[in-house]
Amino acid sequence: MATFDSGSTGFIIVCMALVNLMTPGLAFFYGGLVRQQNVLTIIMQNFVSMGLVTMIWIVWGFSLCFGESGKLIGNPSTYAMLSNIEDHAMHGSRDANGALQSGGIPGLAFAGFQGMFAVIAPALMTGAFADRMMFGPYLVFITAWVHLVYFPFCHSVWGGGFLAVWGVWDFAGGIVVHISAGFSALAAVMAMPHRRKMEVELDTDPHNIPFVALGTGMLWFGWFGFNAGSALAADGVAAYAAINTEISASCALFAWMVIEWVHKGKPTLVGACVGAIAGLATITPAAGFVQPWAAMVIGLISAPWCYGLVELVKDKLVIDDALDVFAVHGMGGFLGTLCIGIFADKSVSGWGPEASGEQFGKQFAAAVGTAAYAYVVGFALVKIIGKFMQILPPQHALELGLDASIHGERAYKDTSNNGPALSKV
């Protein structure tokens, strides 16, 4: 029987629950931003990932990510059905050479924690192609995507694959989650028609801004587990990751609000929420590698970076990324990955990267390579699935609303625009 660090084990189990909460939080965030007749559809797309991807993860997904290394993908039989890890200590606090110190966390706790990342990664993409993908094709899309994109990059970066061997670093998912999902989301959007070609009178205003704020709060809360938990131990690195998460998100929220106030004349709650998410996505790859002052810089630069890209994508390039997944998650994760080469301080972790020109070059190459691969696969998947299944909703479904036409449910009563009707007194 392996000896486990009880404190770190409890910490990781709590972090697993926090990251699990992020997917419902994402559902509320996206749900508030779409139209009222399609809110249940996008919430369902997020929730179903919790069921489908978790099953795949148990059967062989974890093993494909963390099994015996084939450099590109793990051996699916190493931990199939989560076998051979029950009494195995994995990760935990590390010494200055990166070697595991005494104790560690149970393999099952590690597998559960990492499984939450696999669940939310494909769910992130739903905001990009909101209102445009039928439910059946969506299930096929995310099933293929996790096998062709998420699992290979998870193994390559975190599972001892070729990017890890080369010296590329990603603390909590800039490459593995945000770049991969963000660029595949962009590809999916480019492979489908603009919504204005499907609906002449397209309303893109959020239908429930309190939902957006609620979802942001749930995501922000869960993100402490996402980033701090990625230290895989209750130690000083987790403390750095936690405080850096708060700093970057707070700075980005305020900076985005100011930019929007100056640019458009009014500070909006939706803008503040999107700014916080941009700060969270950008600090993710560097959270446990940088000093707090650097986290403040990263948060402050993430706001103009992502805000400018939102304006570029929607107004200049006229790309219909409905909820700005590419600009906020894809390019936020891209920027944060580069920031490792600029701000990383080895004294933070004792074993992590140190900022240098060489490290920046490796981070840049990995980010570009991931982006290109994720884009090509995402585009190809939509086109191939479209040959065998009807991806786009038919006109009558758009007119009725996707909630009623696909799922047979409505979020609100017919007498209310965005909630139960109020009787006049």
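Think of each chain on its own: its residues are numbered from 1, step by step along the sequence as written. With pLDDT at 70 or above as the cut-off, local features in this predicted model cover only qualifying residues; side-chain atom pairs require 80 or more to be listed or tallied, and sums for whole chains, interfaces and linings still use all residues. Side-chain figures throughout are based on the complete set of non-hydrogen atoms in the structure, without hydrogens or water.

(A) Molecular detail of the environment of Gly352. Numbering of helices and strands starts at the N terminus; helices are DSSP runs of H or I of at least 4 residues and strands are runs of E of at least 2. Counting through the fold element by element, Gly352 comes out in the loop between α13 (346-349) and α14 (357-388). Measuring from C-alpha to C-alpha, the distance between Gly352 and Gly288 comes to 8.5 Å, with 64 residues separating the pair along the chain. Excluding its chain neighbours within four sequence positions, the residues that come into contact with Gly352 are Trp169, Phe289 and Lys346. In what follows, residue pairs with any heavy atoms lying within 4.5 Å of each other are defined as contacts.

(B) Geometry of the side chain of Lys362. In this structure, Lys362 sits in helix α14. Classification of Lys362 by relative accessible area gives buried; the value is 15%. We call two N or O atoms a polar contact when they sit within 3.5 Å, provided that within protein one can donate a hydrogen and the other can accept it, with sequence-adjacent residues counted only if both atoms are side-chain atoms. Engagement of the side chain of Lys362 in a polar contact is seen with the backbone oxygen of Trp166, the distance being 2.9 Å. Apart from the residues lying within four places of it in its own chain, the contact partners of Lys362 are Trp166, Gly167 and Val168. Burial classification: accessible surface area is computed with a 1.4 Å probe over protein chains only, and a residue below 20% of its type maximum counts as buried, one above 50% as exposed, and the rest as partly exposed.

(C) Representation of the pattern of salt bridges in the model. Note on definitions: salt bridges are taken to be side-chain nitrogens of Lys or Arg within 4 Å of carboxyl oxygens of Asp or Glu. By the definition in use, this model includes 8 salt bridges. A salt bridge links Arg195 to Asp131, with the nearest nitrogen and oxygen atoms 3.2 Å apart. Linking Arg195 in helix α7 (residues 195-198) with Asp131 in the loop between α3 (107-124) and α4 (135-158), this pair joins segments that are 64 residues apart in sequence. Taking relative accessible area as the criterion, Asp131 reaches 9% and is therefore assigned buried. Across the pair Asp320 and Arg195 runs a salt bridge whose closest N-O atoms are separated by 2.8 Å. Here Asp320 is found in the loop between α11 (292-316) and α12 (325-343), whereas its partner Arg195 is found in helix α7, with 125 residues between them in sequence. Arg195 shares its class with Asp320; the two are buried.

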